[in-house]
Amino acid sequence: MEIKLNVVITKNATTIQFSNNQSVIEIQDVKEKEVTVAQPVIYFLLKDRTVLSIGKAEQVITIENSTINKLILLTPPWEIELAYLEKNLITEAIKNGLKLENTETEQLTIPTSHKKNTTNYKDELLIVLERFGYNLQPSADSEKPAKTKSAKTRHKWTKEISQIEFFVDTRESKATVLWQKRNEMLLKAGAKLMPIAPLNKDGSVGFSAKMGEKLRLDYQDKIKDFVTTKDIVLKSVNEVGLLLYFAGTNSWLELLDSDGKSIDEWTKIEA
């Protein structure tokens, strides 16, 4: 799948125009408690890169939560119904474990005649947003409940870590990985990829499967018969999991050193 975009970046906003239709994504800094829109849109309200609320608006978006500092506006092509797209996005967010604020989850059934187009468009949107650093996932640094206290988990790269080989042996995949730089994961040649992406319970292709297939397409010149023929440099542990086995598990726990110690144990910082 290839998605062509026209992108304009200014000091306080990024505008992304899809080349194959009239769809537009606008990512803005929040400066006011009310934002006026020129036409009906779907909107995400965010704190940094975490989506806190999803809704639709025709004229004005009211922002009540003072911690919200980012706004994403989605203007779909004419054939996509706003209500169906909103329902699809909210369902995806909740399924991923995202806790939404002030979000109406009305009992709306998407007609079969609209379901395929709406889902395909939603998946395209999420792929593009993922590339710009936004997704419908809980923040990796979000507070997690514990019996005594909540803790934020982060992972820190060090020069020591860059010298350690980590091994993956899960879900029909095998690989050797190095976290060589802060934003670079080296997947060594000879890695075995899971051949076929698992489907959702309803038989549909999930978002992680589509992201994994997109990565494989990006590096198709370095993959033959589901085995990498050259080293591949990826951006994150998450991308390693997507490329190797279409994610579906916590990849920080799947990368193990020669003694069985996970990359999570090596690098996590409790705050």
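It should be noted that the structure appears before, not after, this text.
The structure reproduced in this document is the subject of the present report. Keep in mind it's a predicted model, so treat the numbers as computed, not measured. (Residues numbered from 1 in each chain as written. Predicted model: local features only at pLDDT ≥ 70, side-chain atom pairs only at ≥ 80, totals over all residues. Heavy atoms only, no water.)

**Digging into unusual backbone geometry**
- A positive phi angle, near 60°, is found at Phe246, a position not held by glycine.
- Here Phe246 lies in the loop between helix H5 (237-245) and helix H6 (263-267).
- The backbone of Ala247 shows a phi angle near 55°, a positive value even though the residue is not glycine.
- For Ala247, the position within the fold is in the loop between H5 and H6.
- The class for Ala247 is buried, based on a relative accessible area of 8%. (Helix = DSSP H or I, 4+ residues; strand = E, 2+ residues; numbered from the N terminus. Buried < 20%, exposed > 50% of the residue type's maximum accessible area, 1.4 Å probe, protein only.)

**Thoughts on the packing of aromatic side chains**
- As enumerated under the stated definition, the model contains two aromatic pairs in all.
- Considering the side-chain rings of Phe18 and Tyr121, the 6.5 Å spacing of their centres and the 45° angle between planes classify their relative orientation as tilted. Of the two residues, Phe18 sits in strand E2 (residues 13-18) while Tyr121 sits in helix H2 (residues 112-131), which places them 103 residues apart along the sequence.
- Classification of Tyr121 as buried rests on a relative accessible area of 5%.
- Arranged with centres 5.7 Å apart and planes meeting at 65°, the rings of Trp179 and Trp252 form a pair that is edge-to-face. Residue Trp179 is located in strand E11 (residues 173-181), and its partner Trp252 is located in the loop between H5 and H6; the two are separated by 73 residues in the primary sequence. (Phe/Tyr/Trp six-rings, centres within 6.5 Å; stacked < 30°, edge-to-face > 60°.)

**Quick look at the pairing of strand E3 (residues 24-29)**
- Relative to E3, E2 is paired through five bridges, and the arrangement is antiparallel. Note that in E3 the partner of Thr15 across the bridge is Glu26.
- Count of turn residues in the E2/E3 antiparallel hairpin: five residues.
- Two elements, E3 and strand E8 (residues 70-75), share six bridges in a ladder whose sense is antiparallel. Within E8, the position partnered with Gln28 by the bridge is Leu71. (Pairing = 2+ DSSP bridges.)

Remember, this is a structural readout, not a statement about activity or role.
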